[in-house]
Amino acid sequence: MIIVNLDVMMARRKMSLGELSERVGITMANLSILKTGKARAIRFSTLDAICRVLECSPADILEYRDE
């Protein structure tokens with residue numbers, strides 16, 4: 001199972017969903033879907049932009065758990 005830790009990274013960077021949305025260039029609705037773990041896919045370009053803005057790596061946002 002893939003766990004999305006976007007909310008954790010946003011909290012560590014003290015960044016709101018609106019600010020991240022504006023800086024990354026995707027809608028708040030799409031970010032919200034990703035943040036809640038309801039997304040079925042993510043583009044590498046989107047992941048790259050999120051990591052650039054949050055100054056983190058993909059492993060900080062996406063976690064694999066064997067359940």
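Look a little higher up for the structure.
Here's a quick rundown of the structure. Model, not experiment: these values are computed from the prediction.

1. Quick word on the pattern of salt bridges
Here the idea is simple: oppositely charged side chains can pair when their charged atoms come close.
Step number 1: Within this structure, the stated rule accounts for three salt bridges.
Step number 2: Among the ionic pairs, Arg23 bridges to Glu19, the shortest N-O distance being 3.5 Å. Remark: Glu19 and Arg23 occur in helix 2 (residues 17–24); sequence separation between them is four residues, near one turn of the helix.
Step number 3: You can call Arg23 partly exposed: its relative accessible area is 47%.
Step number 4: Take Glu19: its relative accessible area is 35%, and that puts it in the partly exposed class.
Step number 5: Note that Glu63 and Arg65 form a salt bridge whose closest N and O atoms lie 3.0 Å from each other.

2. Side note on the packing of helix 2 against helix 3 (residues 28–35)
Step number 1: Direction vectors running N to C along helix 2 and helix 3 enclose 115 degrees, while the axes themselves pass 9 Å from each other. Classified by the angle their axes make, helix 2 and helix 3 are roughly perpendicular. In terms of crossing hand, the pair formed by helix 2 and helix 3 is right-handed. Across the interface between the two elements, Leu17, Gly18, Leu20 and Ser21 of helix 2 pack against Met28, Leu31, Ser32 and Lys35 of helix 3.
Step number 2: For the contact of helix 2 with helix 3, a count of residues per class yields four nonpolar, three polar and one charged.

3. Considering the layout of surface pockets
Step number 1: If you add up the space inside the largest pocket, you get close to 160 Å³.
Step number 2: Every residue lining the largest pocket is listed: Ile26, Asn30, Leu31, Ile33, Leu34, Ala39, Ala41, Ile42, Arg43 and Thr46.
Step number 3: Looking at the lining of the largest pocket, the element that brings in the most residues is helix 3, giving four residues.

4. As for the environment of Gly18
Step number 1: Along the polypeptide, Gly18 turns up in helix 2.
Step number 2: Residue Gly18 is classed as partly exposed on the basis of its relative accessible area of 28%.
Step number 3: Separated by eleven residues in the primary sequence, Gly18 and Ala29 place their C-alpha atoms 9.9 Å from one another.

5. Looking at the state of the cysteines
Step number 1: All chains considered together, the criterion is met by zero disulfides.
Step number 2: Cys51 forms no disulfide, and the closest cysteine sulfur to it belongs to Cys56, at a distance of 4.2 Å.
Step number 3: A relative accessible area of 8% means that Cys51 is categorised as buried.
Step number 4: Its relative accessible area of 15% is what places Cys56 among the buried residues.

Definitions and cut-offs
- Residues numbered from 1 in each chain as written.
- Predicted model: local features only at pLDDT ≥ 70, side-chain atom pairs only at ≥ 80, totals over all residues.
- Heavy atoms only, no water.
- Salt bridge = Lys/Arg side-chain N within 4 Å of Asp/Glu carboxyl O.
- Helix = DSSP H or I, 4+ residues; strand = E, 2+ residues; numbered from the N terminus.
- Buried < 20%, exposed > 50% of the residue type's maximum accessible area, 1.4 Å probe, protein only.
- Axes fitted to C-alpha atoms, helices over the stretch in contact; angles between N-to-C directions.
- Parallel < 35°, antiparallel > 145°, perpendicular 65-115°, else oblique.
- Left-handed = near helix turned anticlockwise from the far one by under 90°.
- Contact = heavy atoms within 4.5 Å.
- Nonpolar A, V, L, I, M, F, W, Y, C, P; charged D, E, K, R; others polar.
- 1 Å grid on protein atoms, 1.4 Å probe; cavity = no way out; pocket = protein on both sides within 12 Å on 5 of 7 lines; lining within 4 Å.
- Points joined across faces, edges and corners; volume = space filled by probe spheres on them.
- Disulfide = S-S within 2.5 Å.

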